[in-house]
Amino acid sequence: MSRFFHSGLAQLAPYTPGEQPKAQGLIKLNTNESPFPPAPGVQAAVLEAAGRLQLYNDPSAGRLTAAIARACRVGENQVICGNGSDEILAFALQAFGECGLAFPDITYGFYPVWAALYGLNTRIIPLNSQFDIDVTDYGGNDRTIVIANPNAPTGKALPLSAIEQLLSMNPDHVVIVDEAYVDFGAESAAALLTDYDNLLVVRTFSKSRQLAGARLGFALGNAPLIEDLNRIRNSFHPYNVNAMTQAAGIAALEDRAYFDTCRQSVMENREWTAEELRKIGFQVLPSKANFIFAAAPGMNGLAYQQALRERGVLVRYFDQPRIRDYVRISIGSREQMERVIFVTKEILA
Ligand SMILES: *Cc1c(COP(=O)(O)O)cnc(C)c1O
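This structure is a prediction, so every number in the text was calculated from the model and none was measured. (Residues numbered from 1 in each chain as written. Predicted model: local features only at pLDDT ≥ 70, side-chain atom pairs only at ≥ 80, totals over all residues. Heavy atoms only, no water.)

### Focus: the pattern of salt bridges
The line we're drawing: Salt bridges are counted wherever a side-chain nitrogen of Lys or Arg sits within 4 Å of a carboxyl oxygen of Asp or Glu. Burial classes: relative accessible area under 20% of the type maximum marks a residue as buried, over 50% as exposed, and values in between as partly exposed (1.4 Å probe, protein chains only).
One pass over the full model with this rule turns up 15 salt bridges. As a salt-bridge pair, R143 and D142 come within 3.1 Å of each other at their nearest N and O atoms. Using a relative accessible area of 14% as the deciding quantity, one classes R143 as buried. Its salt-bridge partner being R324, residue D319 comes within 2.7 Å of it at the nearest N-O pair. For R324, a relative accessible area of 39% translates into the label partly exposed. In this structure, a network of salt bridges that share partners links the residues R256, D260 and R263.

As structure tokens, then:
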């Protein structure tokens, strides 16, 4: 750290992304990417946009915003696009975090990092013993709430009724529902937007739309919340979603059939993998995401992660209380998951 660095930020512990390995031939199941390439129309759309890169991109991402609004059945003034959902989440915490921030002990590791970056006071509310968010723990809360649904890295999802309870118990606080994984079998809170002015739903093209490297996320909320987020966005970086990514997003949304085929395949492979692991003694949490959270029999998470790594399979281990027995395994292609089961049997033998 240089002597010029902001003293108030000296204690920041930045987010650590999952490894993006240089070595070839590894089975990469550590960052919840899609095993499939982008939808067939994406490449041509990006190439076309690339021919106009001398011009600034549309700062309001108008066509993309309209396409998202149509797909999600909301008004165009209820959508904002971001450079990944991470950017949207950062905007939201900056915009709505003045009263502090409440979130679970086991959840997306970026929430506490942004809280520290923006100097927000936090209240950490433990998941229950089943690793579920118990919404009654959020009664009498006096902070903005951010939860991931399905949660990460557990993969467990709350039903819509629980989200509604959370919203109605906290009418004077924004409830941010991070739905990065909602397309893999959970219920979206977007259906509640007409009834709750304190709801912000955050989504991404990274996990279920094969565009992690393009950096595209969005939020759905009532117009005043979206206006607030645009106030932050336009005070930071109005051109936040580049022209190629806007084109990629529109093309991805147009191919509904490809989207459905890919997510169906991930869900089938998830259930197959979970079942195979349970057969050999693993504890596997029920997942509605594109990953599973699993504990190997008689072996801690770090040891299992390292044993897999030696056999060319990358998964994610979190060195954090309560979950040291577990690893998070992203769901890849059937062939990749068969390899995971094969090498796991080798490790246990
Ligand atoms: C992956 C992930 C994100 C970030 O996604 P990007 O859109 O790629 O920034 C946000 N929240 C959760 C819970 C995630 O797992």
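### A short note on the site of the ligand
The condition that has to hold: Working definition: residue near molecule or strand if any one of its non-hydrogen atoms lies within 4 Å of it. What qualifies as a polar contact is a pair of N or O atoms within 3.5 Å, subject to a donor-acceptor requirement within protein and to the restriction that residues adjacent in sequence count only when both atoms come from side chains. Accessibility throughout is a Shrake-Rupley quantity obtained with a 1.4 Å probe, and a residue counts as covered only by protein chains that appear here.
Around the ligand sit G84, S85, D86, L89, Y108, D178, A180, Y181, T204, S206, K207 and R215, and those are all the residues in its vicinity. Taking Y181, its side chain carries an N or O atom lying 2.5 Å from an oxygen atom of the ligand. A distance of 3.0 Å separates an oxygen atom of the ligand from a polar atom in the side chain of K207. Out of a free accessible area of 380 Å², the ligand has 93% covered by protein chains.

### Notes on the environment of R322
Under the convention used in this document: Strands are runs of DSSP state E lasting at least two residues, helices are runs of H or I lasting at least four, and both sets are numbered from the N terminus onward. Working rule for contacts: check all heavy atoms of both residues, and any pair within 4.5 Å makes them a contact.
Summarising the element assignment, R322 is placed in the loop between strand 11 (313-314) and strand 12 (326-330). The sequence separation of R322 and I106 amounts to 216 residues, and the corresponding C-alpha distance is 8.5 Å. In this structure R322 touches D105, I106, P126, L127, N128, S129 and F131, once residues within four positions along its chain are discounted. A polar side-chain atom of R322 sits 2.8 Å from a polar atom in the side chain of D105. Reaching out from R322, the side chain makes a polar contact with the backbone oxygen of N128 at a distance of 3.0 Å.

### Thoughts on the sheet that holds strand 10 (residues 291-295)
Definition in use: For two strands to be treated as a pair, DSSP must find no fewer than two bridges joining them. An axis is simply a line fitted to the C-alpha atoms; with a helix, the fit covers only the stretch in contact. Between two such axes, the angle follows the N-to-C directions and lies from 0 to 180 degrees.
Read from one edge to the other, the open sheet built from three strands follows the order 9-10-12, with strand pairing classed as antiparallel. The open sheet has two free edges, formed respectively by strand 9 (283-284) and strand 12, since each of these has just one partner strand. Two elements, strand 10 and strand 12, share five bridges in a ladder whose sense is antiparallel. When the bridges of strand 12 are listed, A294 appears paired with V327. Set on the sheet, helix 8 (residues 256-279) makes contact with strand 9, strand 10 and strand 12; between it and strand 10 the angle comes to about 5°.

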